[in-house]
Amino acid sequence: MTLVTYSQDCTINISGKISDHDTHRSLESVNIYIKEVQRGTVSDSAGHFSIENLCPGEYHLGISHIGCETQQYYVNLKQDTSLLIEMEHTSNVLDGITISGSSTDASTKNVNVINEQAIQDNAQESLAGLIEGIAGVSSIKNGSSIAKPIVHGLYGNRLTILNNGVSQSGQQWGADHSPEIDPLVANKLRVIKGASALEYSGSNLGSVVLIEPQKIKKEPHLHGKAQMFYETNGRTFGANIQLQQHKGDLAWKVNGTFKKGGDQKTPNYFLNNTGIQENNVALQLEKTFTDYWTADLYFSSFNTELGILRGSHIGNLTDLESAFQREVPFFTESEFSYTIEAPRQHVNHQLLKIHSQYFFNDNEHLDLTVAAQLNDRKEYDIRRGNRSDIPALDLSLYSFFGESKYQKEYANDLKINLGIQSTFTENTNNPVTGILPLIPDYRSVESGIYGIITKRRDRSFLELGIRYDHIYQNVPTISNTLPREIIRYTNRYNNLNGSIGITYNFSDHFALSANSGISTRNPGINELYSGGLHQGVSGIEEGDPNLDVERAIKSTLSIKGGSEESFLFELLGYYQSINNYIFLNPQIESRLTIRGAFPVFKYEQTDANIFGIDASMQYQLTNSLSTKWVYSYIRGRGKDNQFAVINLPSNDINASIVYQTNKNLTMGNTHFENLQIELINRYVFRQNNISPDQDFVLPPDAYNLLAFKTSANIKTKSFDSRWVFKVDNLLNVQYRDYLNRQRYFADEPGISISLGITIMI
Amino acid sequence: MGEIVKCSIIFSAVILCITSCSDDDPVIVNEEEVITTLQYNLTPTDGSGTVQLTFRDLDGDGGQDPEITGGVLNSNTTYTGELTLLNEQENPVASISAEVEEEADEHQFFFSTNISGMTISYDDMDSMGFPVGLRTIINTGSAGSGILTIILRHEPAKAASNVSNGDIGNAGGETDIEVNFSISVE
């Protein structure tokens, strides 16, 4: 928002122009409402509005528009004031589309955004669930409360999750750990589907998920919002409260979330022991020292306790096979319960970050960041001898991160971006478990340096970058033979990444981007030194200390365009060729133990190709009716064509039809604004590429889900609120999903109705 | 620019100082829950020699392969069977069968064989009157050879249909032990 002021005498006018943040087009039918005087107006076809005859004083303006997030502005009126306001559309499908070349945040990479309103409207969703709607993004799960994101088929060690600028440091390995992040803390989630992500630490092969709280608004009064939500399936209820204030040169914001849910229900039975409880809090402080020096502090604490389907906890291969034969899992109860018993997970994640920014001048600045994270994970199994209350896995992961970034913009649209980063990590197993650790203790130091140059010239935009990392690992493992002894490994790796990208704008409505990058990823600790029974996957996992680094070449090509307003599309093709691709290969022979035979999985390397297409399009049928389509196609093969890459998402197609009314309904003192009704259909194809020797059971059938959603803002004199009503799995379809490990044992949840109410404070 | 370089160097140095710690060895866990050894002692009621079947895997799931010792039984003979579970990693050796006995209502052994004429029946029960299987009675028939399978389930549905007769089909729960012995009846 830009403020332009003119001098005037006694009666003051407030006027302005409203435009779309991305397209810069004028926005018609935007509601502008001044709370203090309860007067409002609507913007005209040129985006202009004006409210006259106001007394001097302090006012709060509420600005709302269909499909956009409602904005609040504070104005201290002394004279006639003109505002330039930009509104951002909330559509979580095509947000990445910025046709005109004048976006400030330019990059040749493909970026998709989920904004605050979309996050709030889906308050009960996990981080992975929220970004799943984006083409090329899905999640790998264990039940419905453990989910981690997959972008272009890569997850865990190969995908960086950046929480408020700091690479999330948890137990990234394994599909049975969620990233410990409360998405309600974020104002924005961004997914970068790039060929190489050079400015972010943490191993990745090109794609990044960013969780971004926004800067606190310059608003001297205490403001915030309170949200409550309830979902019928799991009888989940929760609340989120946000409060913020910007006083003098200090601003603060507090965010707290509480969530509790019980057993989920499939169309036919309860999923026993699938409850979840979460308590999260975040604090944000911002301090302005001078016009060119600011500092901020961020602290967040994430605490969760979650149950794992009782019937999915089994012993050996025979148990697993008898579980497959059952229609309804073992231990299914006929009554709903909130109780969480073993098998369960208890996780705490603490993040403290201090960041400071110093501007040498308008075009040159330096950022310094230090951050510490502590991740405590305890997993409880069903054990003999009253040991179920002793964790079977008890890991503390401490990490310390420091970063220095320098940016300079030259007059000729040339920008340079340099940075150095260092991360120290220490993982400790608590010996209280009485079980040999699956992941050994380790220390690692990762130090990186990068440089990126971007240059705009006429219709084209060029990006060039390079990154080098040195990684040191010190791993004391415990032998699996008697007598037990310490075998210490030390490794040093040198990773080199580079990328080049170009975007060409053929016109204001049509752009082409090409991106190519190389990346190297050193093997992770789990891939090198795992050893033992992984209860979560009922198999013996064995690392290989001799694994080599993965080398990937990824290229993306994207076209985006459309006509004036009514039609938008985006097409992205990618091809990644990964040499020494590390994967868990099922072995032919099973391992005989006193508990019977177990399948053995060994970390092995091969050359693999993963490629796919992400397609999105949006079409405005009439003024109030639009339709959106998202299609993701992905395939992965070994280069020798001998096998399909496992754990790749099924192809899927999402289609929705949205009705939005431009008219506001007024009943007495109550205003209904931004009424939106949406019908969403999701079709997931069967994963047909997996051969029978790659899994215990073949991937499940294709399925089709229907969802309904309606939302509106309701305002009265003293009350400003947003209501969201949703029905998921409307037809109560019975299905299983290939990327949910629970598919071996049980169906996915059936119909669920949810209601969320947000009240502005 | 000079300032920045200096600043960055100091900054990196600080991080290196913080991160250069001594190398502590991890504590080797005490695997008290591990079952290394199963012994099945078969004592004939006619007073002839005792037979001991043994499954022993001292280093647990990985490492060395387990040692398995089968046995030879007399035909048309009744044996009393007694199971002993040990953790031989502990010093002194820990008895896991005592642990199972304490939690008898949460455990049940299941026996099965493909040797014709051989039957195994329970000779003990928990506080609820359901069988446990630490003590059994074996009757052999005519001569033959095959496999005897012993399974220990933790938290089975003991009350489920036929489970107390030794049918594992409806038992559920987790398998804590599953071992096979080669037996010949002569």
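Residues numbered from 1 in each chain as written. Chains lettered and ligands numbered in written order. Predicted model: local features only at pLDDT ≥ 70, side-chain atom pairs only at ≥ 80, totals over all residues.

### A short note on the environment of Gly238(A)
Residue and element names in this part refer to chain A. Mapped onto the elements, Gly-238 comes out in strand E17 (residues 236-247). In sequence terms Gly-238 and Glu-278 are 40 residues apart; their C-alpha atoms lie 9.0 Å from each other. Among residues more than four places away in sequence, those in contact with Gly-238 are Ala-123, Gln-124, Phe-229, Thr-257, Phe-258, Lys-259 and Lys-260. (Helix = DSSP H or I, 4+ residues; strand = E, 2+ residues; numbered from the N terminus. Contact = placed C-beta atoms within 7 Å.)

### Details of the pairing of strand E12 (residues 160-163) of chain A
Residues and elements named next belong to chain A. Alternating residues of E12 divide into Thr-160 and Leu-162 and Ile-161 and Asn-163, and every residue in both groups is buried. Pairing geometry for E12 and strand E15 (residues 207-212), over four bridges, is parallel. Considered in E15, the bridge of Thr-160 is made with Val-208. A loop of two residues connects E12 with strand E13 (residues 166-167), the two strands running antiparallel in sequence, and Asn-164 in this loop sits at a positive phi of about 55 degrees. (Buried ≥ 20, exposed ≤ 12 C-beta atoms within 10 Å, placed from the backbone. Pairing = 2+ DSSP bridges.)

### Let's talk about the nonpolar core
Within soluble globular proteins, side chains that are nonpolar tend to cluster in buried spots. Ranked by internal contacts, the top residues of the largest apolar core, which has 63 residues, are Ile131(A), Leu162(A), Leu189(A) and Val209(A). Among residues more than four places away in sequence, those in contact with Ile131(A) are Ile114(A), Val137(A), Pro149(A), Leu189(A), Val191(A) and Val209(A). Counting residues in each nonpolar core, the second largest holds 34 residues, with Leu85(B), Val132(B), Leu148(B) and Val163(B) among its members. (Core = buried A, V, L, I, M, F, W, Y, C linked by C-beta atoms within 7 Å.)

### Describing the interface of chain B and chain A
Contacts between the two partners involve 41 residues from chain B and, on the opposite side, 47 residues from chain A. Looking at the side of chain B that touches chain A, the elements with two or more residues in it are helix H1 (2-19) and strand E11 (174-185) of chain B. Counting residues per element, the side of chain B that touches chain A draws most heavily on H1(B), at eight residues. For the side of chain B that touches chain A, the residue count by class is 16 nonpolar, 11 polar and 14 charged. (Nonpolar A, V, L, I, M, F, W, Y, C, P; charged D, E, K, R; others polar.)

### Details of helix H3 (residues 317-324) of chain A
Of the residues making up H3(A), those classed as buried are Leu317(A), Asp319(A), Leu320(A) and Ala323(A). Seen along its axis, H3(A) keeps its buried residues to an arc of 160 degrees; they face one direction. (Arc of directions from axis to C-beta.)

### Digging into the environment of Thr758(A)
Residue and element names in this part refer to chain A. Tracing the sequence through the fold places Thr-758 in strand E44 (residues 752-760). Classification of Thr-758 by C-beta neighbours within 10 Å gives buried; the count is 22. In this structure the C-alpha to C-alpha distance between Thr-758 and Glu-463, which are 295 residues apart in sequence, comes to 41 Å. Not counting the four nearest positions on each side in its chain, Thr-758 is found in contact with Gln-120, Lys-225, Gln-227, Ser-721 and Arg-722.

### Things to note about unusual backbone geometry
All names here are of chain A. The peptide bond linking Ala-342 to Pro-343 adopts the cis configuration, its omega dihedral lying at 0 degrees. Along the chain, the position of Pro-343 falls in the loop between H3 and strand E23 (344-361). Note that the residue after Leu-482, namely Pro-483, is joined by a cis bond; omega there is -10 degrees. Residue placement: Pro-483 occurs in the loop between strand E28 (460-478) and strand E29 (486-507). Of note in the backbone geometry, Asp-458 takes a positive phi value of approximately 50 degrees without being a glycine. The exposure class assigned to Asp-458 is exposed, which follows from the 9 C-beta atoms found within 10 Å.

### Points about the sheet that holds strand E10 (residues 144-154) of chain B
All names here are of chain B. With mixed pairing, the four strands of this open sheet are ordered in space as E4-E11-E10-E7. At either end of the open sheet lies a strand with only one pairing partner, and these are strand E4 (71-73) and strand E7 (107-113). Each strand axis lies, on average, 30 degrees off the axis of its neighbour in the sheet, ignoring direction. Both E7 and E10 contribute to a ladder of seven bridges, which runs antiparallel. Counted as the bridge partner of Phe-111 is Ile-150 from E10. (Axes fitted to C-alpha atoms, helices over the stretch in contact; angles between N-to-C directions.)

### With respect to the sheet that holds strand E3 (residues 31-34) of chain A
Residues and elements named next belong to chain A. Spatial strand order, E4-E3-E6-E7: four strands in an open sheet with antiparallel pairing. Every other strand in the sheet has two partners, leaving strand E4 (39-42) and strand E7 (71-77) as the edge strands with one partner each. Strand-to-strand twist of the sheet, defined as the mean angle between neighbouring strand axes without regard to direction, takes the value 20 degrees. Here E3 pairs with E4 via four bridges, running antiparallel. The residue bridging Asn-31 from the neighbouring strand is Val-42, located in E4.

### Describing the domain arrangement of chain A
Residue and element names in this part refer to chain A. Examined at the domain level, chain A breaks down into domain 1 (2-87) and domain 2 (110-760). The C-alpha centroid of domain 2 is placed 38 Å from the C-alpha centroid of domain 1. Listed as interface residues are 11 residues of domain 1 and, on the opposing side, 15 residues of domain 2. Mapped by element, the contributors of at least two residues to the side of domain 1 that touches domain 2 are strand E6 (57-64) and E7. Of the residues in the side of domain 1 that touches domain 2, the class split is two nonpolar, eight polar and one charged. (Domains from an automatic or database assignment.)

### Concerning the confidence of the model for chain B
All names here are of chain B. Per-residue pLDDT for chain B averages 87, and the proportion of residues at 70 or more is 88%. Predicted confidence in chain B is weakest over H1, with a mean pLDDT of 56, and strongest over strand E9 (residues 135-139), with 96. The complex model carries a pTM of 0.87, and its ipTM stands at 0.83. (pLDDT = per-residue confidence, 0-100.)

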